[in-house]
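Chain by chain, the residues:
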Amino acid sequence: MFTISRFSRLFLTLASVAAVALGQAQAEQKLPNILWITSEDNGAHLGCYGDKYATSPNIDRLAKRSLRYTNASSTAPVCAPARTTIISGIYPPATGAEHMRSMTRLPKGFKMYPAYLRELGYYCTNNSKEDYNLKKEGEVWHESSRNAHWSNRPKGKPFFAVFNHTISHESQIRNKIAPENQIHDPAKVRIPAYHPDTPEVRKDWAQYYDRITMMDKLVGRTLKEVSDAGLADDTIVFYYGDHGSGMPRNKRWPYFSGLNVPLIVHVPEKYKHLAPAGYEAGGTSDQLVGFIDFAPTALSIAGMKPPAHMQGHAFMGKHAAPAQKYSYGFRGRMDERYDMVRTVFDGRYVYIRNYMPHKIYGQFIAYMFQTPTTRVWHDMYHAGKLNESQSKFWQTKPTEELYDLKNDRDEVNNLAKSKEHRDALRRLRQAHVKWVKDVRDIGFLPEAEIHTRSKNDSPYEMGHDAKRYDLDAVHSAADTATRLGKKNTQKLAQLIKSNNSAVRYWAAMGYLIRGKNGVRNGREVLTAALDDKSPSVQIIAAEALGRYVNKKEAKRSADLLMKYANAEDNGISLSMLSLNALDYLDEKAAHHKDAIAKLPKRDPNADPRTRNYAGNLIGKITRDLNK
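Residues numbered from 1 in each chain as written. Predicted model: local features only at pLDDT ≥ 70, side-chain atom pairs only at ≥ 80, totals over all residues. Heavy atoms only, no water.

The next point concerns the overall build of the protein. Scanning the protein from N- to C-terminus turns up 25 helices and 14 strands. Relative to the 2.2 N^0.38 estimate, which gives 25 Å for 627 residues, the radius of gyration of the protein is 26 Å and therefore close to what a compact globule would have. The dimensions of the protein, computed from C-alpha atoms along their principal axes, are 100 × 70 × 50 Å. The buried share of the protein, reckoned over its 627 residues, is 62%. A separation threshold of at least 6 residues defines the contact pool for the protein, and within that pool the share at least 24 residues apart is 73%. For the protein, the computed accessible surface area is about 26,200 Å², with 50% contributed by carbon and sulfur atoms. The averaged location of the 68 negative side-chain charges in the protein is 2 Å from the averaged location of its 92 positive side-chain charges. (Helix = DSSP H or I, 4+ residues; strand = E, 2+ residues; numbered from the N terminus. Rg over C-alpha atoms; globule rule 2.2 N^0.38 Å. Buried < 20%, exposed > 50% of the residue type's maximum accessible area, 1.4 Å probe, protein only. Contact = heavy atoms within 4.5 Å. Areas by Shrake-Rupley, 256 points an atom, 1.4 Å probe, with all protein chains shown as cover. Lys, Arg positive; Asp, Glu negative; His and termini not counted. Charge placed at Lys NZ, Arg CZ, Asp CG, Glu CD.)

Moving on to the pattern of salt bridges. Between side chains of opposite charge, a pair can form when the charged atoms approach closely. The final tally for this structure, using the stated rule, is 45 salt bridges. Glu-447 is the salt-bridge partner of Arg-333, the closest N and O atoms lying 3.0 Å from each other. With a gap of 114 residues between them, Arg-333 in the loop between strand S11 (327-331) and strand S12 (341-345) and Glu-447 in helix H13 (residues 447-452) connect regions that are remote in the sequence. This pair shows no difference in class: Arg-333 is buried, exactly as Glu-447 is. (Salt bridge = Lys/Arg side-chain N within 4 Å of Asp/Glu carboxyl O.)

This brings us to the packing of aromatic side chains. The final tally for this structure, using the stated rule, is 36 aromatic pairs. Between the aromatic rings of Tyr-355 and Trp-506, the centroid separation amounts to 6.3 Å while the plane-to-plane angle is 65°, which identifies the pairing as edge-to-face. Of this pair, Tyr-355 sits in the loop between strand S13 (349-354) and helix H10 (372-382) while Trp-506 sits in helix H17 (residues 501-513); the two residues are 151 residues apart in sequence, bridging distant segments of the chain. Among the residues examined, Tyr-355 registers a relative accessible area of 0% and is labelled buried. By relative accessible area, Trp-506 is classed as buried at 0%. The rings of Trp-36, Tyr-69, Tyr-113, Trp-141, Phe-160, Phe-238, Tyr-240, Phe-291, Phe-294 and Phe-315 are connected pair by pair, giving a single aromatic cluster. For Arg-331, the ring lying beneath its charged end belongs to Trp-253, and the centroid distance is 3.9 Å. Above the plane of the ring of Phe-364 lies Lys-620, whose end atom (NZ or CZ) is 5.6 Å from the centre. (Phe/Tyr/Trp six-rings, centres within 6.5 Å; stacked < 30°, edge-to-face > 60°. Lys NZ or Arg CZ within 6 Å of the ring centre and 35° of its normal.)

Spatially, eight strands are ordered S5-S4-S6-S1-S7-S8-S2-S9 in an open sheet, and the strand pairing comes out mixed. The open sheet terminates on both sides in strands that have one partner only, identified here as strand S5 (143-144) and strand S9 (283-285). Strand direction decides the pairing type here: strand S4 (residues 123-127) and strand S6 (residues 159-165), joined by five bridges, are parallel. Across the sheet, Thr-125 pairs through a bridge with Ala-161, a residue of S6. (Pairing = 2+ DSSP bridges.)

Here it is as structure tokens:
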């Protein structure tokens, strides 16, 4: 009988392992390297996008051998929610992560897209900004740091690498810049219709373009590293910005100017079978694509069908989906200020739905007011020196806005009441409502309730549980609250008695939105709401009564708001909601001036990135009351 010696068995075992390893290595080598280069706070202000004022030679050269997208969107006009969209492949309003630098979690079993790429054999690096509003569970990146680099990968491994360049960030518009980098003449810059034409505004816009040129050099360097390593023919390249420019009314606002990003995709010849439809060197595409599509697209390039929970659509690779009819955007809390906006874009028209129309566009945000343009713009408005288009940013909002980019690139002519555009308005409004229901938008909950309702699992799971989140009822209440008119106003009295705290929240908001007359009509039910089981309902009711009723009730309202203003006792979400309300009470909160100044400025249990938000509000209120 033939027997195999122990040595032979060991040899065969090793040979088998080697064969499997070789097969895996060969499979990995068939996968393309993927390089994502991103820059911060810049729209499509590049030479390759037809901007003759811009100086961007490296990106322009990349565009000549790549496909350039003209309708790419970031979904959010600010970094953390935008990056959260990318890393998860889910809209942040569906995960409870829409608010700037909030922190929540995905359901168990959901992974951030690099974890899937790792399983497929990729070496995944991020250099270096993350800024996600979702907790990272398990291993996401092989390395995420300033030292992270594809060159550190094991031999034979394909890489997926992100390089993020920060030189064009909002903060760099107002920082000092070396004389040799000041190459754009402020006298020649185009000033958009919503900004005043002043030396400060021209200087900021010119320096923004200077920073883009500096960023372009870094992009060139990143591309050169791949080329010098002999990997250009093996690497698919994306270049994109993370949202619109850092100038005020671009950043933080979901107009097209705040959401539109440059996106250039290069596919080497050997991977043309993975290229987007219609790909050609130097070509353009008007297909609607966005950050929501990036995770599914990365997986599709690697040959994996995107998980069903991802809400975007791959636009290239093995599992590319048909082009989409609409792209969607949103705005939640921006730093310390609450707001709620949703948008729809169809390639020409921009539809904006404002769910807090009683708040002005340009609420005081401490970080935004560090930019000279913001300050001079604000001061000129209050001095009566602006025209109608320039003034709108400092005024309250309409419930709906509609802009025609074909005839109004600066989005200053609101067509929502135009009879000629009634069909477009209705169509986009319906698309918005359908999207809200499809993704299960939980942004209609007060921020504190997003967390209390999902304390045992995740906001996403809570949002998909009709018992915990009756979306139809809550959205209907929000729609009623934010649309004026006698019939809707009459409905508020019944809504504020609902068993659902979120419905009651929107009913109280509805009275607040209607101002003095609305609050006086709802005085009795709002007074009762001061004892509501939900602190968020109490706070909105107190703000309404405090702003628009008599001194006695204003004092009671201010006293209640002080109860929730302490971030250490109540958490950052309730603290910010209450402090925002106190800020709107103005002198009616003056008797609490000293107590407000002594409030804790931080919630020790909150994400460290929110550390300044309560303090910013406390500082603003205190300064105003000391004037």
